[in-house]
Amino acid sequence: MVQGICFMGDGDERFEDCSRIRKEVFVREQKVDPEEEFDGMDDAAAHVLIYDEEGNPVATGRMLGMGEATFKIGRLAVLKEYRKMGYGQLAVLLLMDKARQCGGKRIYIEAQSHAKRFYEKLGFKTSGDAFMEVGIEHVPMVCELGEMKGCSCCK
């Protein structure tokens, strides 16, 4: 059975699995500088870790509070061999549900441009012009949680 867990980053032993996934996807695959990837914000973030049917960690993401009932999802990463299997969607839905539980009204993301359609299917809308970050084109997007698609997964 696929399982997703939300937890805070400050000292949780499961963060090592999140870190390993992010290193594989962002640092090795996308050539992001490790100092930019690991920006010192992980201890303040809520993280999600997704396990496959055999208990292997395969996807992760994090969420930070931005004030005014707004949260920012980022660092969404799925190991290459597990993409297009629903693990990324589950990670986003769990984080969105966590935001809602914390009184969130909207979610902000800076999506890599190639992932724009993925986020649109989850209710996100473009909220500005594309920009470059770490050598990769991104687009700002927002989702009002009242427009959230999917189910409430994290109870």
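Each value, and the rule that gives it
Residues numbered from 1 in each chain as written. Predicted model: local features only at pLDDT ≥ 70, side-chain atom pairs only at ≥ 80, totals over all residues. Heavy atoms only, no water. Helix = DSSP H or I, 4+ residues; strand = E, 2+ residues; numbered from the N terminus. Rg over C-alpha atoms; globule rule 2.2 N^0.38 Å. Buried < 20%, exposed > 50% of the residue type's maximum accessible area, 1.4 Å probe, protein only. Contact = heavy atoms within 4.5 Å. Lys, Arg positive; Asp, Glu negative; His and termini not counted. Charge placed at Lys NZ, Arg CZ, Asp CG, Glu CD. Patch = residues over 30% accessible without salt bridge, like charges linked within 9 Å, V, L, I, M, F, W, Y side chains within 5 Å. Areas by Shrake-Rupley, 256 points an atom, 1.4 Å probe, with all protein chains shown as cover. Salt bridge = Lys/Arg side-chain N within 4 Å of Asp/Glu carboxyl O. Expected span 1.5 Å × (residues − 1). Pairing = 2+ DSSP bridges. Core = buried A, V, L, I, M, F, W, Y, C linked by side-chain atoms within 4.5 Å.

A.B. asks: Can you walk me through the overall build of the chain in this structure?
C.D. replies: The helix and strand tally for the chain stands at 4 helices and 8 strands. Along the chain, from the amino end to the carboxyl end, the secondary structure elements read β-α-α-β-β-β-α-β-α-β-β-β. Taken over C-alpha atoms, the radius of gyration comes to 14 Å for the chain, in line with the 15 Å a tight globule of 155 residues would show. Along the first, second and third principal axes, the C-alpha atoms of the chain reach 35 × 35 × 30 Å. A total of 155 residues make up the chain; the buried ones form 45% of that total. Here the analysis covers contacts within the chain between residues at least 6 apart in sequence; of these, 63% occur between residues at least 24 apart. Placing the 22 positive and 27 negative side-chain charges of the chain at their respective mean positions leaves the two points 6 Å apart.

A.B. asks: Is there a simple way to explain a negative patch on the surface in this structure?
C.D. replies: Taken together, Asp 33, Glu 35, Glu 36 and Glu 133 make up a surface patch of like negative charges. When you line up the elements, Glu 35 lands in helix α2 (residues 34–37). The exposure class of Glu 35 is exposed, given its relative accessible area of 68%.

A.B. asks: Looking at this structure, how should I read helix α3 (residues 87–101)?
C.D. replies: Residues separated by three or four positions in an α-helix point in the same direction, a consequence of the helix having 3.6 residues per turn. If you check α3, its first and last C-alpha atoms are 21 Å apart, about what 15 residues at 1.5 Å a residue would give, namely 21 Å. Turning to α3, its buried residues are Tyr 87, Gly 88, Ala 91, Val 92, Leu 93, Leu 94, Leu 95, Met 96, Asp 97 and Ala 99. Directly beyond the C-terminal end of α3, a positive phi value near 85° is found at Gly 103.

A.B. asks: What is the right way to read the pairing of strand β8 (residues 136–144) from this model?
C.D. replies: Side-chain direction in a regular strand flips from residue to residue, so the side chains alternate between the two faces of the sheet. Pairing analysis gives 7 bridges linking strand β5 (residues 106–112) to β8, with the strands arranged antiparallel. Looking at β8, one finds that Ile 107 is bridged to Cys 143. As paired strands, strand β6 (residues 125–126) and β8 are joined by 2 bridges and run antiparallel to one another. Looking at the pairing, Lys 125 lines up with Val 142 of β8.

A.B. asks: It is not clear to me how the nonpolar core should be interpreted in this structure. Could you clarify?
C.D. replies: Nonpolar side chains tend to gather and get buried jointly when the protein is soluble and globular. Within the largest apolar cluster, 44 residues are counted, with the highest numbers of intra-cluster contacts made by Met 96, Ile 107, Tyr 119 and Phe 124. Element by element, the count of residues in this core is highest for α3, at 8 residues. In this structure, Ile 107 is in contact with Met 63, Phe 71, Ile 73, Met 96, Ala 99, Phe 124, Met 141, Val 142, Cys 143 and Leu 145, ignoring residues within four places of it in sequence.

A.B. asks: Please clarify how the side chain of Thr 60 should be interpreted in this entry.
C.D. replies: Of note, Thr 60 is situated in strand β3 (residues 57–67). Once residues within four sequence positions are removed from consideration, Thr 60 is found in contact with Cys 18, Ile 21, Arg 22, Val 48, Leu 49, Arg 75, Leu 76 and Ala 77.

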